[in-house]
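Observations on the three-dimensional arrangement
Chain residues, written in single-letter form:
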Amino acid sequence: MNMTSLSYRARVAAGRTARRFTDLFRPRSTRRRLASGEGFHHTVFEHASTLLKSVPPNMMELQRNKVRNLELACGRMDGLLLRPGDVFSFCSLVGPATRRRGYLDGMQLVRGELRPVAGGGLCQLANLVYWMGLHAGMKVLERHHHCVDLFPDDGRTVPFGMGVSIFYNYMDLRLRNSLPQPLLLRVAVEPPVLSGRLLSDAPPECAVTVFQREHRYFRDGDGIVWRENRVYRRTECGDGGVREEEIAHNLGRVLYDTSGLKVEEDASEGVRTFPES
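Residues numbered from 1 in each chain as written. Predicted model: local features only at pLDDT ≥ 70, side-chain atom pairs only at ≥ 80, totals over all residues. Heavy atoms only, no water.

1. Section: the overall build of the chain
Helix and strand counts for the chain stand at 4 helices and 14 strands. Considering only intrachain contacts with a sequence separation of at least 6, the fraction spanning at least 24 residues in the chain is 71%. When the accessible area of the chain is evaluated, it comes to approximately 14,500 Å², of which 51% is carbon and sulfur surface. (Helix = DSSP H or I, 4+ residues; strand = E, 2+ residues; numbered from the N terminus. Contact = heavy atoms within 4.5 Å. Areas by Shrake-Rupley, 256 points an atom, 1.4 Å probe, with all protein chains shown as cover.)

2. Describing the sheet that holds strand β10 (residues 193-200)
Spatial ordering of the open sheet is given by β1-β10-β9-β2, a layout of 4 strands whose pairing is antiparallel. The open sheet has two free edges, formed respectively by β1 (42-50) and β2 (80-82), since each of these has just one partner strand. For this sheet, the mean angle separating the axes of adjacent strands, direction not counted, is 20 degrees. As judged from the 3 bridges shared by β2 and strand β9 (residues 183-190), these two strands associate in the antiparallel manner. Residue pairing across strands places leucine 81 opposite leucine 184, the latter belonging to β9. (Pairing = 2+ DSSP bridges. Axes fitted to C-alpha atoms, helices over the stretch in contact; angles between N-to-C directions.)

3. A look at helix α2 (residues 60-77)
Here α2 spans 26 Å end to end across 18 residues, near enough to the 26 Å set by a 1.5 Å rise per residue. Taken together, the buried positions of α2 are Leu62, Gln63, Asn65, Lys66, Val67, Asn69, Leu70, Ala73, Cys74 and Met77. Phi turns positive, to about 90 degrees, at glycine 79, one or two residues after α2. (Expected span 1.5 Å × (residues − 1). Buried < 20%, exposed > 50% of the residue type's maximum accessible area, 1.4 Å probe, protein only.)

4. Digging into the state of the cysteines
Evaluated as defined, the whole model comprises 1 disulfide. Across a sulfur-sulfur distance of 2.0 Å, cysteine 206 and cysteine 237 are joined as a disulfide pair. Between cysteine 206 and cysteine 237, the S-S torsion sits near 95 degrees, and that sign places the bridge as right-handed. One end of the pair, cysteine 206, is in strand β11 (residues 206-219); the other, cysteine 237, is in strand β12 (residues 225-237), and 31 residues separate them in sequence. (Disulfide = S-S within 2.5 Å.)

5. Side note on the pattern of salt bridges
Two side chains bearing opposite charge may form a pair once their charged atoms approach each other closely. What the rule picks out here adds up to 16 salt bridges. Across the pair arginine 99 and aspartate 105 runs a salt bridge, and its minimum N-O distance is 2.7 Å. The class for arginine 99 is exposed, based on a relative accessible area of 56%. Put simply, Arg213, Arg234, Glu236 and Glu244 are held in one network by salt bridges that share partners. (Salt bridge = Lys/Arg side-chain N within 4 Å of Asp/Glu carboxyl O.)

6. Some points on the environment of valine 87
You can see valine 87 is positioned in strand β3 (residues 87-89). With a relative accessible area of 2%, valine 87 lands in the buried category. Sequence separation between valine 87 and arginine 28 is 59 residues; the distance between their C-alpha atoms is 7.1 Å. In this view, valine 87 contacts Pro27, Arg28, Ser29, Thr30, Leu82, Leu141, Arg174, Leu175 and Arg176; residues no more than four positions away in its chain are not counted.

7. Points about helix α4 (residues 123-136)
Helix length check: α4 (14 residues) gives 20 Å between terminal C-alpha atoms against 20 Å at 1.5 Å per residue, within 8%. Among the 14 residues in α4, 13 count as buried, and that is most of the element. Looking one or two places after α4, you find glycine 137, whose phi comes out positive at around 90 degrees.

8. So, the sheet that holds strand β6 (residues 139-142)
Pairing in this open sheet of 3 strands is antiparallel, and the strands run β3-β8-β6 from one edge to the other. At either end of the open sheet lies a strand with only one pairing partner, and these are β3 and β6. For this sheet, the mean angle separating the axes of adjacent strands, direction not counted, is 25 degrees. Two strands pair when backbone bridges link them, and β3 and strand β8 (residues 174-176) are joined in this way by 3 bridges, in the antiparallel orientation. Paired with phenylalanine 88 across the bridge in β8 is leucine 175. Sheet contacts for α4: β3, β6 and β8; angle to β8, the most-contacted strand, approximately 25 degrees.

9. Some points on the pairing of strand β4 (residues 105-110)
Burial of β4 is extensive: 5 of the 6 residues sit out of reach of the surface. Here β4 pairs with strand β5 (residues 113-118) via 6 bridges, running antiparallel. What sits directly across from valine 110, in β5, is glutamate 113.

And the structure:
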């Protein structure tokens, strides 16, 4: 084991220890699950994402492993009940994604590079829950984004930059149910998609849309291509109230061929991205 690996392990251990300490002062996340969805007949929001992406043949096994990892993680959060004020925590529900717990090697973004890691691919489930939570009007307490754009748009239905980076236990996705009604989370692997629904015992009082502005590709002075946008959430309620908020400013280095895309030229000497995975 080289010094770089030792240093990385030490940073991870320190981060996890610090997080365990700070969690002592945070509201505890809920783990209560219901065996059935009886009484939750109203769909607040639902979404699905494709399980297997178009990747080189040598990476397809990692994609299939990801599907198994998602099945395990879904089994730990499907049926979660979120009462008003309850907090959802991805790391608390799923726990450490280790081989001992049955997780397989999947693709994971580590310091800007794709690597095979046990539990790789669980970010897809975090992405799904985050996207649904935004449309349900949940309050985002914690979310970490990726610093790169991994794949070209292939049937993309959400704005760029809506991904979530998860690293147990100190890079978490935490959402609070700020609605006056309970929510029931349903998630499942249903090939060819990962599907999710947020249900409630009453129809939602507000309509929510999430959209992007100022989207662009640009090349910096060092020849590196970046992608950027700003994402907003618009909430319209039955009483006529309308609220619009910026929820994300995304900037990521593009890792795929951009020859067929409109790329602006930027005179800056280089861009320093956000310090995420």
